Amino acid sequence: MGAKYSLVVPIYNEEENIAELYRRLSDMANSLDGEAEFILINDGSRDRSLVILRELHQKDGRVCYLSLARNFGHQIAVTAGLNFARGEAIVVMDADLQDPPELIPEMVDRWQQGYQVVYAQRTQRRKENWLKRLLAFGFYRVLRHLADVEIPTDTGDFCLMDRQVVAVLNAMPERNRYIRGLRAWTGFHQTAILFERDPRYAGKEKYTFGKSLALAINGLVSFSKVPLRLATYLGLAAAAISLLMAVLVLYWRFFAPNSPLTGFAAITVVVFFLGAVQLICIGILGEYIGRIYEEVKGRPLYTLSEVGGFPQR
Ligand code: UDP
Ligand code: MG
């Protein structure tokens, strides 16, 4: 008999967390009303994570694993897990136990009430660096204003999705995957449950500042065209300012020929300013064009070097 629940967990250098993760998942899964499969995705870890996954798979038939041939990043690792999940309800969560498995039965309840997406919304992030919290707070609010679909604030990838929703995600060919956005995009009946995000169980954060920033930019660019319009607005603003300047220059020429605001310094500032604005606009264009390029190449999303518990594909 197939599993009713799939628990998808991406793993990147989490050797200190896997045993505890397995213990808590297993305790939780025993209380569910159906069989569960644990899909652990090794995202090119350099530590002993894969060895531990193999051992768990030997020990417990519910544990299946996928090993990506290199580090493809969190979103792609989750995507791989979703591709292979066979359950009727699929849960995505982090391996570091920041997403408490004990919340899953509550998600399952909601699912059984008829919701097809149950996402966990953070009320607090304990012990996370204040700068990260501040940036995340700001980012989710900017995104909410700019995005074409309503992406709920303060939600990560921790969620339960119905088979039907996962089928839609799996059918999406895009390479730049901002899963929490794509999930919102699918529509369906969605609901939130609130939770306090625990600190990491062990080990260091795998999302470096650079990776978090890349994810944020990806979210923005994938779900909004407003940044593109920025160039138009900046151009209009620059045109208005230059008109004003022209008037001022005429005024100075005739009425205040000794004004300190005329001359070389003023010109340099203006030239640098406009240069900067143009470079920023080109950069924004580049973000979109780069993504078009990525999509057009049509490479597979990931390569697998090893699987355990799935029929070979
Ligand atoms: N992760 C991954 N590939 C990466 C980076 C992270 O699979 O390149 C996994 C990591 O093992 C963890 C989850 O993604 O299970 C979230 O990572 P982390 O805890 O560093 O992120 P944060 O909690 O800061 O969002
Ligand atoms: Mg974490």
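Residues numbered from 1 in each chain as written. Chains lettered and ligands numbered in written order. Predicted model: local features only at pLDDT ≥ 70, side-chain atom pairs only at ≥ 80, totals over all residues. Heavy atoms only, no water.

Caption draft 1: Layout of the environment of V8. Position of V8 among the secondary structure elements: in strand 1 (residues 5–11). Under the relative-accessibility criterion, V8 is labelled buried at 0%. Spatially, the C-alpha atoms of V8 and P199 are 20 Å apart, while their sequence positions differ by 191 residues. Apart from the residues within four sequence positions on either side, V8 is in contact with I39, I41, V78, G81, L82, A85, I90, V91, V92 and M93. (Helix = DSSP H or I, 4+ residues; strand = E, 2+ residues; numbered from the N terminus. Buried < 20%, exposed > 50% of the residue type's maximum accessible area, 1.4 Å probe, protein only. Contact = heavy atoms within 4.5 Å.)

Caption draft 2: Representation of the site of ligand 1 within the structure. Within the structure, ligand 1 sits among 19 residues, and E14, D43, D96, Q98 and K206 are positioned closest to it. With respect to ligand 1, the side chain of N71 contributes an N or O atom lying 3.1 Å from an oxygen atom. A distance of 2.9 Å separates an oxygen atom of ligand 1 from a polar atom in the side chain of R200. With the chains in place, 95% of the 530 Å² that ligand 1 exposes on its own is no longer accessible. Among the residues making up the shell around ligand 1, the classes are represented as five nonpolar, four polar and 10 charged. (Near = heavy atom within 4 Å. Polar contact = N/O pair within 3.5 Å; in protein donor to acceptor, adjacent residues only side chain to side chain. Areas by Shrake-Rupley, 256 points an atom, 1.4 Å probe, with all protein chains shown as cover. Nonpolar A, V, L, I, M, F, W, Y, C, P; charged D, E, K, R; others polar.)

Caption draft 3: Main features of the packing of aromatic side chains. This model, assessed by the stated rule, comprises seven aromatic pairs. Ring geometry for Y22 against F38: centres 6.2 Å apart, planes inclined by 70°, an arrangement best described as edge-to-face. Of the two residues, Y22 sits in helix 1 (residues 18–30) while F38 sits in strand 2 (residues 36–42), which places them 16 residues apart along the sequence. Judged by relative accessible area, Y22 falls into the buried class, the value being 16%. For F38, a relative accessible area of 1% translates into the label buried. Sitting over the face of the ring of F72, R70 holds its NZ or CZ atom 3.9 Å from the ring centroid. (Phe/Tyr/Trp six-rings, centres within 6.5 Å; stacked < 30°, edge-to-face > 60°. Lys NZ or Arg CZ within 6 Å of the ring centre and 35° of its normal.)

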